[in-house]
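# Commentary on secondary and tertiary structure
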Amino acid sequence: MNVRFIDRISDCSAAAWNLVAGIDYPFLRHEFLDALETSGSVGGESGWQPFHALLFDQDMLVAVMPLYLKSHSYGEYVFDWSWADAYQRNGLPYYPKLVTAIPFTPATGNRIATNNLEAATACDYFCKAITQQLKQKNFSGWHVLFPEQEESLHLEKAGLLDRIGVQYHWFNQGYQSFDHFLNTFKSRQRKNLRKERRRVYEQNVSLSILTGDQLTPDIWQHFYRFYQATYAKRSGHGGYLTREFFQLIGKHMASQIVMVMAYQDDIPIAAALNFQSSNTLYGRYWGAIREIDGLHFETCYYQGIEYCIANGLQRFDPGAQGEHKIQRGFTPVNTHSMHWIAHEGFRKAIGRFLEEESSQVSRYTEHSKQFLPFKNTD
């Protein structure tokens, strides 16, 4: 067995990569990662330099792992700025670092994909090869963001530190309709949510869900305009993702894309872009050119829930952050990130910090579940 590193995913064919990674989880597909690179959303001056890891058994590809050389911490959704600051104050470089992640995508999923090989075995080979890279090139560490629970356990056994985070996910409890879902709410919360939805439609807003061939070039033009306008308003600069990125995923991944388009007086004004696997809907990007009370919740959350119910999806992951999701029926869940810190002193200090932080996060997760809107079924 041997590990090889490639500086562009096109050096591995889509057929070979997808045979190992599969195509159900959309963000590990060759088409998604290649769209990021081809469009210039990563690579170049972005601070995300591809360095993907491939594991071969003789000439057969048996495991793949997305990997990037990072010169900053933007677009990761696991915040380590304080670690970088501590390094700087001690005269040590924190960047570059290696990151196994899906750029700009805080969605839990496989980060090490295998074919005819035990995941633990692949993990061991990748860990040895990457820690060797850290020593040879003097990188500060390696960070694996939003792996599946089983992967985090393998990585922890290999010596990586576990960091716990919180997101808010919706789970399908066999609901037959949105009203069936709402009937599980306490009376006051149910009335508030219905009022919130009604307020949107009273402003002459209509919504449609677009998939597959319905995602025309004109639709993507509208979406990109909304995306850039909202990003500029929030951050003062444009979005990380280029127009070409959206064109490419629209061309190659339309069957896994679910777009909610909002209209006012038949004019497109907002949209939310989701991806789907066989059992999960992933909310990713949103944009709007008009401020309408409640439109964000309707477009990004309630339409997604209705889609999951209608199509039998079991989970809706609407993205990172947002305590406001709890009162709308999204349950707090813990996420993981795994960290290999090369500097022994900082490794011990960060390890102590993560122990304290993890206990606080776990307490928060359990406490926040008290604010879910569901009726007491005890």
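Below or above, wherever it landed, is the structure these notes cover. Note that the structure is a prediction, hence the values are computed from the model and not measured.

Right, let's get into the overall build of the protein. A count of helices and strands for the protein gives 11 helices and 15 strands. Relative to a compact globule of 378 residues, whose C-alpha radius of gyration would be 21 Å, the protein shows 21 Å and is just as compact. Projected onto the principal axes, the alpha-carbon positions of the protein cover approximately 60 × 50 × 45 Å. When the 378 residues of the protein are sorted by exposure, 55% land in the buried category. Within the protein, one finds 37 positive and 39 negative side-chain charges whose respective centroids are separated by 6 Å.

Turning to the layout of surface pockets, a few remarks are in order. Its boundaries defined by the atoms lining it, the largest pocket holds a volume of some 950 Å³. As for the largest pocket, its lining consists of 34 residues, of which Tyr77, Arg234, Arg284, Ala320 and Gln321 are closest to the centre. Mapped by element, the contributors of at least two residues to the lining of the largest pocket are α8 (217–235), β12 (267–276), β13 (280–288) and α10 (295–311). Top element by residues in the lining of the largest pocket is α8. It accounts for 5 residues. Of the residues in the lining of the largest pocket, the class split is 18 nonpolar, 12 polar and 4 charged. Taken as a whole, the second largest pocket encloses approximately 420 Å³ of empty space. Forming the boundary of the second largest pocket are 20 residues, of which Tyr77, Phe79, Ile164, Gly165 and Val166 lie nearest the centre. Broken down by secondary-structure element, the contributors of at least two residues to the lining of the second largest pocket are β9 (161–171), β15 (331–341) and α11 (344–368). Tallying contributions element by element places β9 first for the lining of the second largest pocket, with 6 residues. Its residues placed into classes, the lining of the second largest pocket shows 10 nonpolar, 7 polar and 3 charged.

Under the 1.5 Å per step criterion, the end-to-end length of α11 is 35 Å for 25 residues, consistent within 8% with the ideal 36 Å. Within α11, the full set of buried residues consists of Phe346, Ile350, Gly351, Leu354, Glu357, Ser358, Val361, Thr365 and Ser368. On its buried side, α11 packs onto α3 (81–89), β9 and β15.

Per the stated rule, a full pass over the model turns up 1 cavity of 30 Å³ or more. Taken together, Ile112, Ala119, Cys123, Glu151, His154 and Leu155 make up the full set of residues lining the largest cavity. Only α4 (119–137) and α5 (149–157) provide two or more residues apiece to the lining of the largest cavity. Top contributing element to the lining of the largest cavity by residue count: α5, with 3 residues.

Covered by surrounding structure in strand β6 (residues 97–100) are Lys97 and Val99 together with Leu98 and Thr100, the residues of both alternating faces. The sheet contact formed by strand β5 (residues 68–70) and β6 spans 3 bridges and is antiparallel. Opposite Lys70, over in β6, you have Lys97 as the bridge partner. By the bridge criterion, 3 bridges tie β6 to strand β8 (residues 141–145) in an arrangement that is parallel. If you follow Leu98 over to β8, its bridge partner there is Trp142.

Throughout the structure, instances matching the rule amount to 38 aromatic pairs. Residues Phe223 and Tyr227 carry aromatic rings whose centres are separated by 6.2 Å and whose planes lie at 15° to one another, so their mutual orientation is stacked. With Phe223 and Tyr227 both in helix α8, this residue pair falls 4 residues apart, about one helical turn. Take Tyr227: its relative accessible area is 4%, and that puts it in the buried class. Against the face of Trp48 rests Lys70, its NZ or CZ located 3.9 Å from the ring centre. Looking at Arg197, its charged tip hangs above the ring of Phe178, at a distance of 4.3 Å from the centre.

Moving on, we come to the side chain of His30. With respect to the element layout, His30 can be found in helix α2 (residues 30–38). Residue His30 is classed as buried on the basis of its relative accessible area, which comes to 7%. One polar contact links the side chain of His30 to the main-chain carbonyl oxygen of Cys12, over a distance of 2.8 Å. In this structure His30 touches Ile9, Ser10, Cys12, Ser13, Ala14, Trp17 and Asn18, once residues within four positions along its chain are discounted.

Across soluble globular proteins, nonpolar side chains show a tendency to be buried alongside one another. Membership of the largest hydrophobic core comes to 48 residues, with the highest contact counts inside it found for Phe32, Phe246, Ile249, Met259, Leu273 and Tyr285. Among the elements that make up this core, the one with the highest residue count is α8 (6 residues). Excluding its chain neighbours within four sequence positions, the residues that come into contact with Phe32 are Pro26, Phe27, Ile102, Thr105, Phe245, Ile249, Met253, Phe275 and Tyr285. Listed in part, the 34 residues of the second largest apolar core include Trp170, Phe185, Ala270 and Phe316.

So, about the sheet that holds β12. Pairing within the open sheet is mixed, and its 11 strands lie in the order β2-β5-β6-β8-β15-β9-β14-β13-β12-β11-β10. The two strands at the open ends of the sheet, each matched to only one other strand, are β2 (48–50) and β10 (205–211). Strand-to-strand twist in this sheet, taken as the mean axis angle between neighbours without regard to direction, amounts to 30°. Against the sheet, α4 engages β6, β8 and β15, with an angle of about 140° to β8. Each of β10, β11 (257–264), β12 and β13 touches α8; the most contacted strand, β13, lies at about 75° to it.

Definitions and cut-offs
- Residues numbered from 1 in each chain as written.
- Predicted model: local features only at pLDDT ≥ 70, side-chain atom pairs only at ≥ 80, totals over all residues.
- Heavy atoms only, no water.
- Helix = DSSP H or I, 4+ residues; strand = E, 2+ residues; numbered from the N terminus.
- Rg over C-alpha atoms; globule rule 2.2 N^0.38 Å.
- Buried < 20%, exposed > 50% of the residue type's maximum accessible area, 1.4 Å probe, protein only.
- Lys, Arg positive; Asp, Glu negative; His and termini not counted.
- Charge placed at Lys NZ, Arg CZ, Asp CG, Glu CD.
- 1 Å grid on protein atoms, 1.4 Å probe; cavity = no way out; pocket = protein on both sides within 12 Å on 5 of 7 lines; lining within 4 Å.
- Points joined across faces, edges and corners; volume = space filled by probe spheres on them.
- Nonpolar A, V, L, I, M, F, W, Y, C, P; charged D, E, K, R; others polar.
- Expected span 1.5 Å × (residues − 1).
- Contact = heavy atoms within 4.5 Å.
- Pairing = 2+ DSSP bridges.
- Phe/Tyr/Trp six-rings, centres within 6.5 Å; stacked < 30°, edge-to-face > 60°.
- Lys NZ or Arg CZ within 6 Å of the ring centre and 35° of its normal.
- Polar contact = N/O pair within 3.5 Å; in protein donor to acceptor, adjacent residues only side chain to side chain.
- Core = buried A, V, L, I, M, F, W, Y, C linked by side-chain atoms within 4.5 Å.
- Axes fitted to C-alpha atoms, helices over the stretch in contact; angles between N-to-C directions.

This is a description of form; function is not addressed.
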